[in-house]
Protein chains: 2
Amino acid sequence: MTPRSPTIRMVAERAGVSLATVSNVLNGKPSVSPDYAARVMEAVEALGYVPDLAASRLRSGKAALAGVVVPDLGNPMFARFVSVLEHVAREDGFDLVVVSSRNDPAEEADRLANIRAWRPSGVIVLPCDGALAARLPAGWTAPIVVADRIPDDGRFDLVAVDNGPAAAQVTRHLAGAGCRTCLVVATSLAISNMRERWEGAQVGAGAMELALAEVGDDPASGVARLSGRLSGTGRPDALFALEQMTSLALYPLLGSLGLVVPADIAYASFDEMEWMRLVTPPLTAARQPVEAMAQAAWTRLRARMAGDAGPPATIRLACTVTLRGSTPPAASPGPALTPSGSGRHRP
Amino acid sequence: MTPRSPTIRMVAERAGVSLATVSNVLNGKPSVSPDYAARVMEAVEALGYVPDLAASRLRSGKAALAGVVVPDLGNPMFARFVSVLEHVAREDGFDLVVVSSRNDPAEEADRLANIRAWRPSGVIVLPCDGALAARLPAGWTAPIVVADRIPDDGRFDLVAVDNGPAAAQVTRHLAGAGCRTCLVVATSLAISNMRERWEGAQVGAGAMELALAEVGDDPASGVARLSGRLSGTGRPDALFALEQMTSLALYPLLGSLGLVVPADIAYASFDEMEWMRLVTPPLTAARQPVEAMAQAAWTRLRARMAGDAGPPATIRLACTVTLRGSTPPAASPGPALTPSGSGRHRP
DNA sequence: TCCATGTCGTAAAACGTTTCATTTCAGGCT
DNA sequence: AGCCTGAAATGAAACGTTTTACGACATGGA
């Protein structure tokens, strides 16, 4: 009924050679005469034969397959990560199984088990919380590289950005520009990045008074609860969104409250996205080197898969803070951050 | 040296039963006594056994694995598509191999062959051009559902949006609002969607004069060439970007040319993104139901994988045009499009 | 002539599953 | 007792590869 894909046996028969010879040709083994090789290739072409990677892996134990677990594929930041990863992995001949944990530890554990069922030669995880180690299936063997978020357990390779220093740089600028109070808005401090950013923000704040608001995993609805804190007389004169989705949800709220940026309130954001350059005024933001992070994670995983057995390494990449119209200029010229860059749209 | 994952044989030995019994327990076969089942489960837990899906597929011929080919994972629109797809597929117990063709037909062919090597039970393709059929590896057997872009060959199931009518709706509004000339900006008419949108735009234009500009696969740099056509005396009084990335690149260009929207020039876009609501003025845009498209594609594929052998089906989903501040209001009240708020479609 | 020494090919055994066909065993019927 | 039935468990054969070990056949040196 259903015609099955051609197998290596059919190729062998059509070429009039043995199974082993076909295999040797396909895997570029040295000892095979040119005419036999030609016969085999002809048969392969004619039948449209594509080797079955599952069977291949089963026998050889080697698979050009890697897994990726991200908290949320719908988030453009993680989408870019996967996009770059897919590209560099492909350049090394690797295929990718992509799963999303939807920020749920239970789902994360489930997806990890699922990925393991494919016996990939390595996995890259952006864990949804710090307890990744506790959720690994028992007999795990494949190398793991953790990216973006910081696990409690130090036994993993880690690639992340310098959340703290970058956040400090932002608050330092706000304080230097004369802001007295600043509301910092995060999804949840349960996420290690947010914690690092919050702590960094405190470091850079100096005399500026800092307050924290957590809006939860769904910022789009969570920010609504902040109206009160933003409209009263005691409202802060600066706002710092620690994450892109939060920023996206928060920004229109200001307009609806009748607040003008930056005259009434200064506004800065972590996790730069393209739209931040387009709005009026453009947003001061810290850009994460997502592409570099994906690249670095792959390089590290590649090394592990090749047998590198060194101690776990941690790589921290630098964020870039760009000052734009949404924050007032520094009172004193100060230690020269990037002055403004391009895209002022219509002040 | 490298400790391998536990196999079904180890489970069998530990539980003191046969291989077949373990398999029967794991696959929920009926005839197995409760006490044996318990013994097996205990062993599975203890060893952290996870069945090898590759071996399982090899023997049974059934795999809960599907492939997805998208033109560009970095594009938020495709990222959302994959995100939704991954979710619904997972709900049916399917894993996903995700590859990006980077808008290159040769890469697409290569990736398709690569995906086939995993023998997935189905594949969803967003082809980079119409000639998908010609690029399928010879002995292809798995069902294919095409989404978003329209293949020349009618033999595939297709899920797409109603590009033409939606584009017509936009130009009809522009014309009705008094625009006399409109520049339509696309990446390339080689892409079927763009063609449909361009043709639709012509249908809706009525007396309004239409011109077309193709900026190529990389709008970010391509739009620069449009400065001349936008600054001279003969400049159009409306601009219609047929795609989100183009819109993103085009929009800042207006500001740098000193053009005020909508006073100097009206602006509308296909492919609504969140930032379009945030800029000043907010953008009139046609929203594609990406989530519904992914959902529908999966449903169709699911049916095919289950054996549905009916003729190829085409599903067209409706876009939603939302009028916002970037286009002037309709001159006469007219046939009431959604004034601004939520999206009404209009047949 | 005859044995080392290659080179090129092949048969057959694995890899971890599922499934087929078979065995075993306990009852329930005449 | 003898016979048939069905349930519960198992042995062994596949699935499509890669790999190991070995065979055939020249070649060349003694």
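Residues numbered from 1 in each chain as written. Chains lettered and ligands numbered in written order. Predicted model: local features only at pLDDT ≥ 70, side-chain atom pairs only at ≥ 80, totals over all residues. Heavy atoms only, no water.

The name given to chain A in an unreviewed UniProt entry is LacI family transcriptional regulator, with the source organism recorded as Ancylobacter crimeensis.

## Let's talk about the protein's contact with DNA strand D
Not every one of the 27 residues close to DNA strand D is listed here, only the nearest: Ile8(A), Ser23(A), Thr21(B), Ser33(B) and Arg59(B). In DNA strand D, the atoms that sit within 4 Å of the protein are 66% sugar and phosphate, with bases accounting for the remainder. The separation between a phosphate oxygen of DNA strand D and a polar side-chain atom of Ser33(B) is 2.8 Å. If you list the elements that add at least two residues to the surface near DNA strand D, you get α2 (19-26) and α4 (53-60) of chain A together with α2 (19-26) and α4 (53-60) of chain B. For the surface near DNA strand D, a count of residues per class yields 12 nonpolar, 10 polar and five charged. (Near = heavy atom within 4 Å. Polar contact = N/O pair within 3.5 Å; in protein donor to acceptor, adjacent residues only side chain to side chain. Helix = DSSP H or I, 4+ residues; strand = E, 2+ residues; numbered from the N terminus. Nonpolar A, V, L, I, M, F, W, Y, C, P; charged D, E, K, R; others polar.)

## Things to note about the UniProt feature "domain: HTH cro/C1-type" (unreviewed entry) in chain A
Here the UniProt-annotated "domain: HTH cro/C1-type" (unreviewed entry) positions come out as residues 7-50 of chain A. End-to-end, the C-alpha atoms of residues 7-50 of chain A are 8 Å apart, and along that stretch the chain is 68% helix and 0% strand. (UniProt positions renumbered as here; feature names shortened; annotations may be inferred.)

## Quick look at helix α3 (residues 34-47) of chain B
Side chains three or four residues apart in an α-helix point the same way, a direct result of the helix having 3.6 residues per turn. All names here are of chain B. In this model α3 runs 20 Å from its N-terminal to its C-terminal C-alpha over 14 residues, within 8% of the 20 Å that 1.5 Å per residue would give. What α3 keeps buried is the set Ala 37, Val 40, Ala 43 and Val 44. Projected down its long axis, α3 carries its buried residues within an arc of 125 degrees, all on one side. Facing away from the buried side of α3 by over 90 degrees, the exposed positions are Pro 34 and Glu 45. On its buried side, α3 packs onto α1 (8-15) and α2. Gly 48 sits one or two positions beyond α3 and adopts a positive phi of about 65 degrees. (Expected span 1.5 Å × (residues − 1). Buried < 20%, exposed > 50% of the residue type's maximum accessible area, 1.4 Å probe, protein only. Arc of directions from axis to C-beta. Contact = heavy atoms within 4.5 Å.)

## Some details on the interface of chain A and chain B
Across the boundary between the two partners, chain A contributes 53 residues, which contact 52 residues of chain B. Summed over both sides, the interface of chain A with chain B buries roughly 4900 Å², with 59% coming from carbon and sulfur. Across the pair Asp52(B) and Arg57(A) runs a salt bridge whose closest N-O atoms are separated by 2.7 Å. Linking chain A with chain B are 22 residue pairs in polar contact (both at pLDDT 80 or more). Broken down by class, the residue content of the side of chain A that touches chain B amounts to 28 nonpolar, 12 polar and 13 charged. (Buried area = accessible area lost by both parts, 1.4 Å probe. Salt bridge = Lys/Arg side-chain N within 4 Å of Asp/Glu carboxyl O.)

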